[in-house]
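Observations on the model geometry
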Amino acid sequence: MGDARARLRYLHEVLDLLYPPSTTTSARTVLPHRLVPRRLVPRTRWHSVLGRGGRLLVPDGPDTIETYLGEVFGQRVRTVLRVRPARRANRKPILSARGSDGVLGFVKVGDSDRARDLIRHESATLRMLADRPLKVISVPAVLHHGLWHDMDVLVLSPLPITSAAIPPGLLNAAVTEIASLGSCAWHGDFAPWNISAGADGRLLVWDWERFGTDVPLGFDALHHFLHRVLKRMGPVGATQACLARAVPLLAPFGLSAAEARRTAAHYLITLADRHDRDGHQPLGPASTWLNPLVDHLEPLL
């Protein structure tokens, strides 16, 4: 199944979940186009230039996720729904809640056991971070965490994202501060799409579902590097580069060459183990990208 078809199929599954059938409907638009579905937004006049290809009727009765969020915020809410690929281990409905003055918050809906566990873990992590005097990173606040139709609904505050480039020193300082949040902690998904430069000079960091402790210092730096080069190099090339570049990547954290290589080996094995536990292999079978490195990794372990 192609990406567009997979996304649209998942979109209709999510609509049935979040917008139960009713006698009234409202028009929404799939943007940028039904053939390239990325967002479902409330329909406006200019959407007519897209023709009917992007038009979708959505139930708009008294028992939808929008009415629930309206009660949370105390005002009328309209949502923009991200149309995500269906093939994800941690897939879940993601929405932005919008009021008359703009975005009120970002919403995650736990519609499966795995998604609920991740949402509850992120909620607990962010509440813990709210009590910490963070100097380098800035994180969302939990605005609401409740149950709706037996699904966890987590609402997070929006962060003031900028388009400025992230200084390398800021990345390293963020990795160090995150590590100090627990016993050798790591964010767990410190990928380029989960961070941004903040206007106040701090690093904005979101998606804390995978936060964990008791890992070697440097896991987040390795994760960031791997996912930065993954699309360009593919899983095999990217994982090889992650091991090959470990020494300069981890030198700012005071690791020796041997410690850096050992940390990279530990990180790649931890990543493979996560994929195995999730029952999802975004990099392909570990036999194709991890096993070829085993001969080099064994002396380090």
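Just so we're clear, the structure is a prediction, and the values are computed from it rather than from any experiment. Numbers given to residues run from 1 along each chain, matching the order in which its sequence is written. Local features in this predicted model are restricted to residues of pLDDT 70 or higher, and side-chain atom pairs are both shown and tallied only at a pLDDT of 80 or more, whereas totals for entire chains, interfaces and linings draw on every residue. Note that the side-chain values use all heavy atoms of the structure and ignore hydrogens as well as water.

**What about the sheet that holds strand β10 (residues 195–197)?**
So the rule is basically this: Here the rule is simple: two strands pair whenever DSSP picks up at least two bridges between them. Note on conventions: DSSP H or I runs of at least 4 residues are helices, E runs of at least 2 residues are strands, and numbering of each starts at the N terminus.
Taken together, the three strands give an open sheet; going across it, the order is β7-β11-β10, and neighbouring strands pair in mixed fashion. Sheet topology places β7 (137–138) and β10 at the edges, where each strand pairs with a single neighbour. Note that β7 and strand β11 (residues 203–205) share two bridges and pair parallel. Each residue of the ladder has a partner; that of Ile 137, found in β11, is Leu 203.

**Some points on the packing of aromatic side chains**
Our working rule: Pairing of aromatic side chains here covers Phe, Tyr and the six-membered ring of Trp, requires ring centres within 6.5 Å, and sorts the geometry by plane angle: under 30 degrees stacked, over 60 edge-to-face, intermediate tilted. Exposure categories follow from relative accessible area, calculated using a 1.4 Å probe and restricted to protein chains: below 20% of the type maximum is buried, above 50% is exposed, and the middle band is partly exposed.
Applying the stated criterion across every chain yields a total of five aromatic pairs. Ring centres 6.4 Å apart and planes at 85° place the aromatic pair Trp 186 and Tyr 267 in the edge-to-face group. Of this pair, Trp 186 sits in the loop between α4 (168–179) and β10 while Tyr 267 is found in helix α7 (residues 257–278), placing the two residues 81 residues apart along the sequence. Residues Trp 186 and Tyr 267 agree in their burial class; the two are buried. Ring plane angle 50° and centroid distance 5.9 Å describe the contact between Trp 208 and Phe 211, whose orientation is recorded as tilted.

**Observations regarding the pairing of strand β6 (residues 102–110)**
Across six bridges, the pairing between strand β5 (residues 94–99) and β6 is antiparallel. Bridge pairing links Ser 96 to Phe 106 in β6. If you look at the hairpin formed by β5 and β6, you'll find two residues sitting between the two strands. Note: β6 against strand β9 (residues 151–156), five bridges, orientation antiparallel. Bridge pairing in β9 places Val 107 opposite Val 155.

**Looking at the sheet that holds strand β8 (residues 142–148)**
As a reminder of what qualifies: To obtain an axis, a line is fitted to C-alpha atoms, over the contacting stretch when the element is a helix, and the angle between two such axes runs from 0 to 180 degrees between their N-to-C directions.
One open sheet holds the eight strands; their spatial order is β3-β1-β2-β4-β5-β6-β9-β8, and the pairing between them is antiparallel. The outermost strands of the open sheet, each flanked by one partner alone, are β3 (55–59) and β8. With direction set aside, neighbouring strand axes in the sheet form an average angle of 25°. For β8 and β9, the ladder comprises six bridges, and the chain directions are antiparallel. Bridge pairing in β9 places Trp 148 opposite Met 151.

**Focus on the nonpolar core**
Test applied: The nonpolar core is taken to be a set of buried Ala, Val, Leu, Ile, Met, Phe, Trp, Tyr and Cys residues, with the residues joined through side-chain atoms within 4.5 Å. Contacts are assigned to residue pairs with any non-hydrogen atoms lying within 4.5 Å of each other.
Counting 51 residues, the largest nonpolar core has Ile 137, Phe 190, Trp 208 and Tyr 267 as the members making the most contacts within it. Every element with two or more residues in this core is listed here: α3 (113–129), β9, α4, β11, α5 (219–244), α6 (246–250) and α7. Among the elements that line this core, the one with the most residues is α5, at eleven residues. Not counting residues up to four positions away in its chain, the partners in contact with Tyr 267 are Trp 186, Phe 219, Leu 222, His 223, Leu 226, His 227 and Cys 242. Counting 26 residues, the second-largest nonpolar core is a separate cluster that includes Leu 40, Ile 65, Trp 148 and Met 151.

**Looking at the side chain of Asp 152**
Which entries qualify depends on this criterion: For this analysis, a polar contact is any N or O atom pair within 3.5 Å, provided that within protein one partner can donate a hydrogen and the other can accept it, and provided that sequence-adjacent residues contribute only side-chain to side-chain pairs.
Along the polypeptide, Asp 152 turns up in strand β9. The exposure class of Asp 152 is buried, given its relative accessible area of 3%. A polar side-chain atom of Asp 152 sits 2.9 Å from a polar atom in the side chain of Arg 120. Look past the residues within four positions of Asp 152 in its chain and what remains in contact with it is Lys 108, Val 109, Gly 110, Arg 116, Ile 119, Arg 120, His 145, Gly 146 and Leu 147.

**Examining the environment of Ala 185**
Locating Ala 185 in the fold gives a position in the loop between α4 and β10. Residue Ala 185 is classed as buried on the basis of its relative accessible area of 6%. Not counting residues up to four positions away in its chain, the partners in contact with Ala 185 are Ile 178, Ala 179, Phe 211, Gly 212, Thr 213 and Val 215.

**What to know about the packing of α5 against α7**
Our working rule: Here roughly perpendicular refers to angles of 65 to 115 degrees, roughly parallel to angles under 35, roughly antiparallel to angles over 145, and oblique to all remaining angles. Note on residue categories: nonpolar means Ala, Val, Leu, Ile, Met, Phe, Trp, Tyr, Cys or Pro, charged means Asp, Glu, Lys or Arg, and polar means any other residue, Gly included.
Axis separation between α5 and α7 bottoms out at 11 Å; the angle between their running directions is 75°. The angle between α5 and α7 places the two elements in the roughly perpendicular class. Counting all contacts with α5, which are made through Phe 219, Leu 222, His 223, Leu 226, His 227, Thr 239, Cys 242 and Leu 243, the residues of α7 involved are Arg 261, Thr 263, Ala 264, Ala 265, His 266, Tyr 267, Leu 268, Thr 270, Leu 271 and Arg 274. Residues of the contact of α5 with α7, tallied by class, amount to ten nonpolar, six polar and two charged.

**Quick notes on the environment of Val 175**
Note on placement: Val 175 falls in helix α4. By relative accessible area, which is 4% here, Val 175 ends up buried. Taking the C-alpha atoms as reference points, Val 175 and Ala 221, separated by 46 residues in sequence, lie 6.6 Å from one another. Setting aside its immediate chain neighbours within four residues, Val 175 contacts Phe 190, Leu 217, Asp 220, Ala 221 and Phe 253.

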